[in-house]
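Next come the chains, spelled out residue by residue.
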Amino acid sequence: MKHSYVAEVLASQDIHQEFTVKGWVRSFRANQFIALNDGSTINNLQCVVDYENTDPELLKRITVGAAIAVTGILEESQGKGQRVEIKAQTIVIEGDAHPEEVKLTILSPKRHSLEKLREQSHLRVRTNTFGAVMRLRSKLSFAIHQYFNERGFYQAHTPIITGSDAEGAGEMFKITALDLENPPKNEDGSINYKEDFFGKETNLTVSGQLEAETYALGLGKVYTFGPTFRAENSNTSRHLAEFWMIEPEVAFCDLDGNMDLAEDFIKYVVNYVLTHCQDDLAFLENRLVQEDKSKPQAERASMLLREKLQFVVDNNFKRVSYTEAIDILRNSKPNKKKKFKFPINAWGADLQSEHERFLVEKHFECPVILFDYPANIKAFYMRLNEDGKTVRAMDILFPGIGEIVGGSQREERLDVLKEKMAALDIPEEELHWYLDTRRFGTCTHSGFGLGFERLVLFVTGMTNIRDVIPYPRTPGNADI
RNA sequence: UCCUCCAUAGCUCAGUUGGUUAGAGCAUCUGACUGUUAAUCAGAGGGUCCUAAGUUCGAGUCUUAGUGGGGGAGCCA
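If you're wondering where the values come from, they're calculated on a predicted model, not measured in any experiment. (Residues numbered from 1 in each chain as written. Chains lettered and ligands numbered in written order. Predicted model: local features only at pLDDT ≥ 70, side-chain atom pairs only at ≥ 80, totals over all residues. Heavy atoms only, no water.)

### Brief notes about the overall build of chain A
Definition in use: Secondary structure is summarised from DSSP: a helix means a run of H or I of at least four residues, a strand means a run of E of at least two, and numbering begins at the N terminus for each. For every residue, the accessible area obtained with a 1.4 Å probe (protein chains only) is divided by the maximum for its type, and the residue is called buried under 20%, exposed over 50%, and partly exposed between those limits. In this description, contact between two residues means that some pair of their heavy atoms is separated by no more than 4.5 Å.
When you go through chain A residue by residue, the secondary structure sums to 15 helices and 16 strands. Projected onto its principal axes, the C-alpha positions of chain A cover 85 × 60 × 45 Å. The burial tally for chain A puts 48% of its 480 residues in the buried class. When contacts within chain A are restricted to residue pairs at least 6 apart in sequence, those whose partners lie at least 24 apart make up 67%.

This is how it looks when you write it as structure tokens:
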């Protein structure tokens, strides 16, 4: 039978009309008021039961967590807290949820810590917080595709399984169909990968960038949006072993164009959720306000969640070269007072978390784009500047998140690229296809990688990356 | 991987220099009440004190190792 969704019913003006809604019981107060949620919105629909004329056996089965279908008449609510409610006429239990078992789970109607919710990740999407986070995640994903589609980008599905081990972005997960108990061996005792499924060693991708570059040099403007895998033993609130990354790559575009694109892109998707996800953002904003109340004054957020997002949309990101950043840091109070664990002395040092946080959270107090980094601390494919010591790299740093974007103008000159690879012992055979793009009609081109989960962290105000993806993969964790 | 803190009822936590029968609030169940919004009142049930080994007459408490988690760092998105 056709039924309506809670979001539609709550917005409906059809008073006295009949509706059927289906969802999960969030609470059942006073044997009379069901708070029903079906995931279509963070808001619950109040369904009022005429308990005096309802079978007591049925009433007993209306419990927190149960799936039910309610048919009744939409009426203006007599109580405060909701505009309309459904006067239930018939209630059908689709799936029971026994209270004695429910109380052992996070579905029990009380406040749970995020750590506890993470232990039952298959049930946490039924909570307000995770419903809001996951709806926002989905809307952000849609906004990303819409942004690129409106601007003539094509999505390139770069491979998940890669035969190239020169991507250089981190430790990789091996892919094999060999019998690990008894693998075929070469004469010297090493494993003979020629007998493996692909006839060579393969891994899960750590980046689609190099393949995306080949597509940009044909389709013009492309982007990838897919899963990425890194076998790093990272145990932090901002790293996952499996995460989603957006990687635009644009032909005939220099670093300035790349920075313009990244900034415009972030502002667009943040603005999209500001206008399309008000209810979920309001809930998450309030959640943060409540959380802040138990913190000392100094640690409380200076802006509400939506104010913070609006600030990002309305203000230009501060663009600073690495050299300028070093000067600022060298003359900063914490550096002079030796408050930094890693003091800034000379040009050339890699910036530590504490330095990035100082620039973003204390000095500029807004998103910052750092560019033109020393060549020796950045990847081989970044374009060397005329000074011979810096490359056209850029990182976007966000308050509370750190690096959200890393990108560069790519080295398009074959000879310079080959020199770089030789210096880093990257064999040319490994990347012959990549070098071909520089042989045949090479051109200026640029791109960046944006960590999707880090964007979701920023937009939702959550602080642990494990709480913005359904089933987080981290060292020692891949249960579901 | 490194530093640091933590693990006791379904949840949040208390548990004295190592000592008899392991405690509270909330949740759950039973009953009462019924236009509620974290409903209210009364009563009841509920424990492998993370795992393993050790010290001891005796370990929730002390030691070692492991597992998981929080915060910070590195690697990065």
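### Observations regarding the pattern of salt bridges
Threshold: Salt bridges are defined as contacts in which a side-chain nitrogen from Lys or Arg sits within 4 Å of a carboxyl oxygen from Asp or Glu.
Within this structure, the stated rule accounts for 27 salt bridges. The shortest N-O distance in the salt bridge between Asp436 and Arg439 comes to 3.0 Å. One end of the pair, Asp436, and the other, Arg439, are both in helix H14 (residues 432-439), three residues apart, so they sit about a helical turn from each other. Note on Arg439: relative accessible area 38%, which makes it partly exposed.

### Re the sheet that holds strand E4 (residues 67-76)
Worth spelling out the cut-off: At least two DSSP bridges between two strands are needed for those strands to be called paired. Here an angle of 0 to 180 degrees is reported between the N-to-C directions of two axes, which are lines fitted to C-alpha atoms, with helices fitted over the stretch in contact.
Here we have five strands rolled up into a closed barrel, ordered E1-E2-E3-E5-E4, and mixed in their pairing. Neighbour-to-neighbour, the strand axes of this sheet turn through a mean angle of 55°, independent of strand direction. Two strands pair when backbone bridges link them, and strand E2 (residues 33-37) and strand E3 (residues 45-48) are joined in this way by four bridges, in the antiparallel orientation. Within the sheet, the bridge partner assigned to Phe33 lies in E3 and is Val48.

### Some details on the protein's contact with RNA strand B
The criterion, for reference: If a single non-hydrogen atom of a residue is within 4 Å of a molecule or strand, that residue counts as near it. Whenever two N or O atoms come within 3.5 Å, that pair is a polar contact, provided that in protein one can donate a hydrogen and the other can accept it, and provided that, for residues adjacent in sequence, both atoms are side-chain atoms. Gly is placed with the polar residues, together with every amino acid not listed as nonpolar (Ala, Val, Leu, Ile, Met, Phe, Trp, Tyr, Cys and Pro) or charged (Asp, Glu, Lys and Arg).
Surveying the vicinity of RNA strand B reveals 49 residues, the closest of which are Lys80, Arg118, Asn233, His239 and Arg454. For RNA strand B, the fraction of atoms within 4 Å of the protein that belong to sugar or phosphate moieties is 51%. A distance of 2.7 Å is found between a base oxygen of RNA strand B and a side-chain nitrogen or oxygen belonging to Gln46. The side chain of Asn477 places a nitrogen or oxygen atom 2.5 Å from a phosphate oxygen of RNA strand B. Elements represented by at least two residues in the surface near RNA strand B include exactly strand E5 (84-95), helix H3 (99-102), helix H4 (114-119), strand E11 (242-251), strand E15 (402-409) and strand E16 (445-451). Its residues assigned to classes, the surface near RNA strand B comprises 11 nonpolar, 21 polar and 17 charged.

### Some remarks on the environment of Gly220
With respect to the helices, strands and loops of the structure, Gly220 is situated in the loop between helix H6 (209-219) and strand E10 (221-229). Placed 225 residues apart in sequence, Gly220 and His445 show a C-alpha to C-alpha distance of 9.4 Å. Non-local contacts of Gly220, meaning those with residues more than four positions away in its chain, are made with Tyr215, Glu249, Val250 and Ala251.

### A look at helix H9 (residues 305-314)
The α-helix advances 3.6 residues per turn, and as a result positions three or four apart in sequence lie on the same side. Test applied: For this quantity, the arc is that covered by the directions from the helix axis to the C-beta atoms.
Three or more residues of H9 are buried, namely Leu305, Leu309, Val312 and Val313. For H9, the angular spread of the buried residues around the axis is 100°, confining them to a single face. In the core, the buried residues of H9 are packed alongside helix H7 (255-276), helix H8 (278-293), strand E14 (390-398) and helix H15 (452-460).

### A look at the domain arrangement of chain A
Note the following rule: An automatic or database domain assignment supplies the residue ranges for each domain. Accessible area that two parts lose when put together, evaluated with a 1.4 Å probe and summed over both, is termed the buried area.
Considered domain by domain, chain A is made up of domain 1 (6-105) and domain 2 (128-171 + 206-317 + 366-467). The centre of domain 1, based on its C-alpha atoms, is set 43 Å off from the matching centre of domain 2. If you look at the interface, domain 1 gives six residues, while domain 2 gives six residues. In terms of surface lost to domain 2, no three residues of domain 1 exceed Arg26, Gly39 and Ile42, which account for 80% of the buried area on that side. Where domain 1 touches domain 2, the interface holds zero salt bridges. Remark: the boundary between domain 1 and domain 2 carries three residue pairs in polar contact (both at pLDDT 80 or more).

### What to know about the sheet that holds E15
Read from one edge of the open sheet, eight strands run E6-E10-E11-E16-E15-E14-E13-E12, paired in mixed fashion. The sheet is open, and its two edges are formed by strand E6 (154-155) and strand E12 (318-321), each paired on a single side. With five bridges connecting them, E11 and E16 associate as antiparallel partners. Looking at E16, one finds that Ile246 is bridged to Leu450. Lying on the sheet, helix H5 (residues 128-150) is in contact with E6, E10 and E11; it crosses E10 at an angle near 150°.

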